[in-house]
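# Coordinates in review
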Amino acid sequence: MSSCRLCESAFTVHPQEKSFLEKVSLPEPTLCPTCRRQGRFAWRNERRLYHRKCGLTGKQIISVYAPDSPYSVYDQHEWYTDKWDAMQQGRDFNFSKPFFPQFDALMKATPKISVFTSNNLNSDYTNGAQQDKNCYMIFVSDHDEDCYYSYGIDSCSSCIECLNCFKCVLCIECVDCSESYNLAHSERSHNCRDSFFLSDCKGCANCFGCFGLRNKQHCIFNEQHTKEEYEKKLQELNTGNFRTLSSARDVFLRKSGEQQIHQFYDGNGNENVTGDHIVHCRDCIECYDSADLENCGYLIFSSSPKTVSTVMWSSITVR
Ligand SMILES: [Zn+2]
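Residues numbered from 1 in each chain as written. Predicted model: local features only at pLDDT ≥ 70, side-chain atom pairs only at ≥ 80, totals over all residues. Heavy atoms only, no water.

### Re the sheet that holds strand S11 (residues 148-151)
One open sheet holds the three strands; their spatial order is S8-S10-S11, and the pairing between them is parallel. Of all strands in the sheet, those with a lone pairing partner are strand S8 (126-127) and S11, marking the two edges. (Pairing = 2+ DSSP bridges. Helix = DSSP H or I, 4+ residues; strand = E, 2+ residues; numbered from the N terminus.)

Set out below in structure tokens:
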């Protein structure tokens, strides 16, 4: 057991991590995984956008760097051009002085891209996003179209206020859902459609306020109804009215809170892993929202083809 030099909590450096650190000639970490994660989060601004001037053209732009940031920032479209040359900031390294102040000075002088995006269309208010079209305020999201106010969505269209969703269409306020259509206020549900308030459901359609169901239709609060009964009751629930929908949500939350049995984590096809919302991973420690990893640790939003021998330990970013 090691003791964190910041929070003083005890933490373990696992054997796989030790062998990786030896391989890349790094010492063992002196910070616990949580403190290391906090350091990485503090380094990366994902969701706060600012108005500022482009350092190349002087035009007003949208950026993840605040106007008073010490960095030189270029509009994303200018940054990708040949109008500037990063080699112009090149300088000799002074071996008699410490590395980090020199590296810091180089980073401040070298233009940074205003937002981390590529190949987007009509999606200026995004960051950590690529191959998106007609999207607004989505972050860490790729291959989406007509999506708004979401985070961590991939290959979705016409979705709003979603988190960690994959291949969803016409979904609103959904978390950790995939391959679903016309789903509202649902979580951890897959291959579902035309439903409200689902939790841990798979292959369900036309259900309202249900949890833990598999391949069901026309259920309300986990009770089976006929198609006609379902349609009549749904009309009575008046889902277009915010107040009645809020009361229905309260009933759902109470029932699911009292009765739902939760799997200890969300994932499938894993072997010898810890973490959550992961699929097809092997020998991984504390990985989240990730897929197809092998012998990895402390990763978030990571995926790798199994054909590549992956050895990644995020602990190397902050010691
Ligand atoms: Zn700590």
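So much for the structure itself; the text now carries on.
### Regarding the coordination of the zinc ion
Taken together, the protein ligands of the zinc ion are Cys 4 (SG), Cys 7 (SG), Cys 32 (SG) and Cys 35 (SG), with distances of 2.3 Å. Between the four donor atoms coordinating the zinc ion, the angles at the centre fall across 106 to 115°, so the site counts as tetrahedral. Every donor residue of the zinc ion comes from the same chain, spaced as C-x2-C-x24-C-x2-C. A residue pair is termed long-range when its members are at least 10 positions apart, and Cys 7 in the loop between strand S1 (2-3) and strand S2 (10-11) and Cys 32 in the loop between helix H1 (15-23) and helix H2 (33-43) qualify at 25 residues. (Donors = N, O, S within 2.8 Å, 3.2 Å for Na, K, Ca; no water. Tetrahedral: all angles 85-135°; square planar, octahedral: opposite > 155°, others 65-115°.)

### Some points on unusual backbone geometry
Note: most peptide bonds trans; most residues except glycine with negative phi. Look at Asp 194: it is not a glycine, yet its phi comes out positive at around 45°. Within the fold, Asp 194 resides in strand S13 (residues 193-199). The phi angle at Asn 238 is positive, at roughly 50°, despite the residue not being glycine. Within the element layout of this structure, Asn 238 appears in the loop between helix H5 (227-237) and helix H6 (242-259).

### Let's talk about the layout of surface pockets
Gaps left between atoms are located by rolling a probe of water-molecule size over the structure's atoms. Put simply, the largest pocket is a space of about 1,200 Å³. As for the largest pocket, its lining consists of 47 residues, and the residues nearest its centre are Asn 164, Phe 166, His 277, Val 279 and Asp 289. Of all the elements in the fold, those that place two or more residues in the lining of the largest pocket are strand S7 (117-118), strand S9 (129-130), strand S17 (267-268), strand S18 (271-279) and strand S19 (282-291). Counted by class, the lining of the largest pocket contains 13 nonpolar, 20 polar and 14 charged residues. If you count residues domain by domain, the lining of the largest pocket takes at least three from each of domain 3 (127-259) and domain 4 (268-316). (1 Å grid on protein atoms, 1.4 Å probe; cavity = no way out; pocket = protein on both sides within 12 Å on 5 of 7 lines; lining within 4 Å. Points joined across faces, edges and corners; volume = space filled by probe spheres on them. Nonpolar A, V, L, I, M, F, W, Y, C, P; charged D, E, K, R; others polar. Domains from an automatic or database assignment.)

### Description of the confidence of the model for the protein chain
Averaged over every residue, the pLDDT of the protein chain is 92; the share at 70 or more is 95%. Confidence drops under a pLDDT of 50 for residues 306-311, and excluding neighbours within four residues, the segment shows nine contacts in the predicted structure. Low pLDDT, under 50, characterises residues 315-319; the stretch is placed with 17 contacts to residues that sit more than four places away or in other chains. (pLDDT = per-residue confidence, 0-100. Contact = heavy atoms within 4.5 Å.)

### A closer look at the packing of aromatic side chains
Throughout the structure, instances matching the rule amount to 17 aromatic pairs. Consider the rings of Phe 99 and Phe 100, whose centres lie 5.0 Å apart with planes at 75°: the pair is edge-to-face. Residue classification places Phe 99 among the partly exposed residues on the basis of a relative accessible area of 42%. Measuring from centroid to centroid gives 6.5 Å for Phe 211 and Phe 252, while their planes differ by 45°, and the two rings are tilted. Taken together, the residues span a long stretch of sequence, with Phe 211 in strand S14 (residues 208-211) and Phe 252 in helix H6 at a distance of 41 residues. The exposure class of Phe 211 is buried, given its relative accessible area of 9%. (Phe/Tyr/Trp six-rings, centres within 6.5 Å; stacked < 30°, edge-to-face > 60°. Buried < 20%, exposed > 50% of the residue type's maximum accessible area, 1.4 Å probe, protein only.)

### Describing the state of the cysteines
Here a disulfide denotes a covalent bond joining the sulfur atom of one cysteine to the sulfur atom of another. A complete count under the given rule lists zero disulfides for this structure. No disulfide involves Cys 204; its sulfur sits 4.5 Å from that of Cys 201, the nearest cysteine. (Disulfide = S-S within 2.5 Å.)

### Quick notes on the pairing of S18
Pairing of S17 with S18 involves two bridges; the strand directions are parallel. Each residue of the ladder has a partner; that of Asn 268, found in S18, is Val 279. Note: S18 against S19, six bridges, orientation parallel. Note on S19: the bridge partner recorded for Glu 271 is Arg 282.

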